Amino acid sequence: MADHPLTIFDVAGRAMSAQLVRLNTTASNLANAGVVASSPDSAYRSLKPVFRTQFDQASGLATVNVERIVTAGEEPTKRYDPSNPLADKDGNVFDAAVDETREFVDMME
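## Quick look at the environment of G13
Looking at where G13 falls in the secondary structure, it is placed in helix α1 (residues 8-31). Exposure remark for G13: the relative accessible area of 28% places this residue in the partly exposed category. Residues G13 and V64, 51 residues apart in the sequence, show an inter-C-alpha distance of 9.8 Å.

Listed below in structure tokens is the structure:
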């Protein structure tokens, strides 16, 4: 925490920074929605920020911080596509685990 009590401008600035992280992870997820990989381990998974509320006793104000960014959502989908150059020895590729509809809803919130 800072040496001085939080001002309303500090609270607003931190909230906007947290919102920026949320929108950047959503943009990254949407950008990788159609990506395929050769294994489930290398397939893209959705990123989500984890927020933490922080209370400042000196000012009585609360703010939000981004604690970390985690992978979330479903597992990558296996699809048979032997003509794909990324296909494994069995002819399978793994689609990115991104629910585009959920990402658009998160973006609009």
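## A look at the sheet that holds strand β4 (residues 77-80)
Strands belonging to one sheet form pairs held by backbone hydrogen bonds; the direction of such a pair is parallel or antiparallel. Ordered in space as β1-β5-β4, the three strands form an open sheet in which the pairing is antiparallel. Either end of the sheet is taken by a strand with one partner, and the two such strands are β1 (36-37) and β4. Direction of pairing for β4 relative to strand β5 (residues 92-95): antiparallel, over a ladder of four bridges. Note on β5: the bridge partner recorded for R79 is V93.

Here is what the cut-offs are and how they apply
- Residues numbered from 1 in each chain as written.
- Predicted model: local features only at pLDDT ≥ 70, side-chain atom pairs only at ≥ 80, totals over all residues.
- Heavy atoms only, no water.
- Helix = DSSP H or I, 4+ residues; strand = E, 2+ residues; numbered from the N terminus.
- Buried < 20%, exposed > 50% of the residue type's maximum accessible area, 1.4 Å probe, protein only.
- Pairing = 2+ DSSP bridges.

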